[in-house]
Amino acid sequence: MENASNLSRRRVLAGLAATAGAAAAGALGGPLVAPSAAAAADDGNGLRIVDRNENGGRLQYYRFATDAIEWDPAVNILLPDGYHTSGRRYPVLYLLHGGNADFRTFHLQDNIVNLTAGRELIVVMPDASTGWYCNPVSSNAGPRNWETFHMGQLLPWVEANFRTWPEYDGRAVAGFSMGGFGALKYTAKYYGHFCSVSSHSGPASLRRDFGLVVHWANATSAALDSGGGTVYGVPLWDEARVSADNPMQRIPSYAGKRVFLAAGTSPDPVDWFSYVNETQVLAGHREFRAALGAAGIPHEWHEVPGGHYFRHELFLQDLDGMLARLRPAA
């Protein structure tokens, strides 16, 4: 049974999503909203739709009830221009947000609508709370099985309800910060799912510096997602789980895939959050790149000035590489 705080949160988020969608449509001259959608999505794959904004424009919104998550997580799905009338199939990018964010972040903060204008791909942007794209060792706030929600439920639901290429060459995954880690993790752990992976300032090494990223994941998930539970366990880690999720311990799983890495080189030391995060990200990327190189696995990497933020210019460059690797729309 849903408690009052969860119900209130769901109603508030649904209202914000609808308001944001309407505001964005007005600001952009109305390209996101048209009279009607081509087809309505159905329940399935363990997901029951409890709220939606389907329309004939690009941005679609859904909220689900699922046994995997205590509250009702949501997703924004950005369709390519002409999707509703083309009858074509498209490749899909799963775009994963960072910590202390939600499914709206790339839309409201990064203007993903404009960044992807004219690109022939579907962009799926799901909720992940600050759950580190994991099924946690423990939760004191009900189920928080984000990995199950994303990989076991949402991905097959998308492919059942939208005209995608439901195959390895039809899927890419990318993310920023915690989402960059999630992209690397999902690509390695679900080897046949994604042909392209991109980590924009996302951790790539869980065990370096005495497991600093593991400690950070445990602390932030406990504070912001699981009510004091932990992703990997405290005081003793679930070592098998850490190894399974650690990109540095899954190097052979990146063979044959397109790999894109971006990190900042000069975070402001006065901004402790950016400094701690990007310093660790940069060191982990260098370690990860060295391991990929030693294994003979090609990869594209960028070190650029600045701290811990999502760089639009590199994302646009990343999109070009994704689309060159993905099966084209047809």
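Here's a quick rundown of the structure. Computed from a prediction, not measured in an experiment: that's the story for all the values here.

Procedures and definitions
- Residues numbered from 1 in each chain as written.
- Predicted model: local features only at pLDDT ≥ 70, side-chain atom pairs only at ≥ 80, totals over all residues.
- Heavy atoms only, no water.
- Helix = DSSP H or I, 4+ residues; strand = E, 2+ residues; numbered from the N terminus.
- Buried < 20%, exposed > 50% of the residue type's maximum accessible area, 1.4 Å probe, protein only.
- Areas by Shrake-Rupley, 256 points an atom, 1.4 Å probe, with all protein chains shown as cover.
- Salt bridge = Lys/Arg side-chain N within 4 Å of Asp/Glu carboxyl O.
- Core = buried A, V, L, I, M, F, W, Y, C linked by side-chain atoms within 4.5 Å.
- Contact = heavy atoms within 4.5 Å.
- Expected span 1.5 Å × (residues − 1).
- Pairing = 2+ DSSP bridges.
- Axes fitted to C-alpha atoms, helices over the stretch in contact; angles between N-to-C directions.
- Parallel < 35°, antiparallel > 145°, perpendicular 65-115°, else oblique.
- Left-handed = near helix turned anticlockwise from the far one by under 90°.
- Nonpolar A, V, L, I, M, F, W, Y, C, P; charged D, E, K, R; others polar.
- Phe/Tyr/Trp six-rings, centres within 6.5 Å; stacked < 30°, edge-to-face > 60°.

### Quick notes on the overall build of the chain
Working step 1: Per the secondary structure count, the chain includes 10 helices and nine strands.
Working step 2: Per-residue burial for the chain yields a buried fraction of 55% across its 330 residues.
Working step 3: Accessible surface computed for the chain: about 12,900 Å², of which carbon and sulfur atoms make up 56%.

### What to know about the pattern of salt bridges
Working step 1: This model, assessed by the stated rule, comprises 20 salt bridges.
Working step 2: A salt bridge links Glu147 to Lys185; the shortest N-O distance between them is 2.8 Å. You can see Glu147 sitting in helix α5 (residues 146–161) and its partner Lys185 sitting in helix α6 (residues 178–189), a full 38 residues away along the chain. Neither residue differs from the other here; Glu147 and Lys185 are each classed as buried.
Working step 3: Among the salt bridges present, the one from Glu159 reaches Arg171, with a minimum N-O distance of 2.5 Å.

### Digging into unusual backbone geometry
Working step 1: Residue Pro235 is reached from Val234 by a cis peptide bond, and omega for that bond is 0°.
Working step 2: With respect to the helices and strands, Pro235 occurs in the loop between α7 (208–224) and α8 (239–245).
Working step 3: Of note in this structure, Asn111 is not a glycine but carries a positive phi near 50°.
Working step 4: Residue placement: Asn111 occurs in the loop between α3 (105–108) and α4 (112–115).
Working step 5: The phi dihedral of Tyr133 falls on the positive side, at around 55°, and the residue is not glycine.
Working step 6: Along the polypeptide, Tyr133 turns up in the loop between β5 (122–126) and α5.
Working step 7: On the basis of relative accessible area, Tyr133 is assigned to the buried category, the value being 0%.

### Description of the nonpolar core
Working step 1: Of all hydrophobic cores here, the largest spans 57 residues; its most connected members are Ile77 and Trp157.
Working step 2: Broken down by element, this core gets its largest block of residues, seven residues, from α5.
Working step 3: Residues in contact with Ile77, not counting those within four places in the same chain, are Arg58, Leu59, Gln60, Tyr62, Ile122, Val123, Val124, Trp157, Val158 and Phe162.

### Brief notes about α6
Working step 1: The terminal C-alpha atoms of α6, which comprises 12 residues, lie 16 Å apart, in line with the 16 Å expected from a rise of 1.5 Å per residue.
Working step 2: When we look at burial in α6, the residues that qualify are Met178, Gly179, Gly180, Phe181, Gly182, Ala183, Leu184, Lys185, Tyr186, Thr187 and Ala188.

### Side note on the pairing of strand β3 (residues 74–78)
Working step 1: Summarising burial for β3: five of the five residues are buried, a large majority.
Working step 2: Relative to β3, strand β2 (residues 59–65) is paired through five bridges, and the arrangement is antiparallel. Counted as the bridge partner of Gln60 is Ile77 from β3.
Working step 3: Two strands pair when backbone bridges link them, and β3 and β5 are joined in this way by four bridges, in the antiparallel orientation. Within β5, the position partnered with Asn76 by the bridge is Met125.

### Here we look at the packing of α5 against α6
Working step 1: Following both chains from N to C, one finds α5 and α6 inclined at 55°, their axes separated by 12 Å at the closest point. In terms of axis orientation, α5 runs oblique to α6. Note on packing geometry: the crossing formed by α5 with α6 is right-handed. Contacts from Trp146, Glu147, His150 and Met151 in α5 reach Lys185, Tyr186 and Lys189 in α6.
Working step 2: Its residues assigned to classes, the contact of α5 with α6 comprises three nonpolar, one polar and three charged.

### Re the packing of aromatic side chains
Working step 1: Summed over all chains, the structure comprises 19 aromatic pairs.
Working step 2: Judged by centre distance (5.7 Å) and plane angle (40°), the ring pair of Tyr83 and Tyr90 falls under tilted. With respect to class, Tyr83 is no different from Tyr90; both count as buried.
Working step 3: With centroids separated by 6.0 Å and ring planes inclined at 85°, the aromatic side chains of Trp272 and Phe273 adopt a geometry described as edge-to-face.
Working step 4: Judged by relative accessible area, Phe273 falls into the partly exposed class, the value being 38%.
Working step 5: Aromatic rings pair up to connect Tyr62, Phe64, Trp71, Tyr83, Tyr90, Trp146, Phe149, Trp157 and Phe162 into one cluster.

### As for the environment of Leu224
Working step 1: When you line up the elements, Leu224 lands in helix α7.
Working step 2: For the pair formed by Leu224 and Ser129, sequence separation is 95 residues and the distance between their alpha carbons is 7.6 Å.
Working step 3: Dropping the residues within four chain positions of it, Leu224 is found in contact with Asn100, Ser129 and Thr130.

### Topic: the sheet that holds strand β6 (residues 171–176)
Working step 1: A sheet is described by the order of its strands in space; here nine strands give the open sequence β1-β2-β3-β5-β4-β6-β7-β8-β9, paired in mixed fashion. Since the sheet does not close on itself, it has two edges, and those belong to β1 (48–53) and β9 (300–304), each with one partner. Across the sheet, the axes of successive neighbouring strands diverge by a mean angle of 15°, strand direction being ignored.
Working step 2: Contacting β7 (196–200), β8 (258–264) and β9, helix α9 (residues 272–294) runs over the sheet at an angle of about 150° to β8.
Working step 3: The strands touched by helix α10 (residues 312–325) within the sheet are β4 (92–96), β6, β7, β8 and β9, with β8 carrying the most contacts at an inclination of about 175°.

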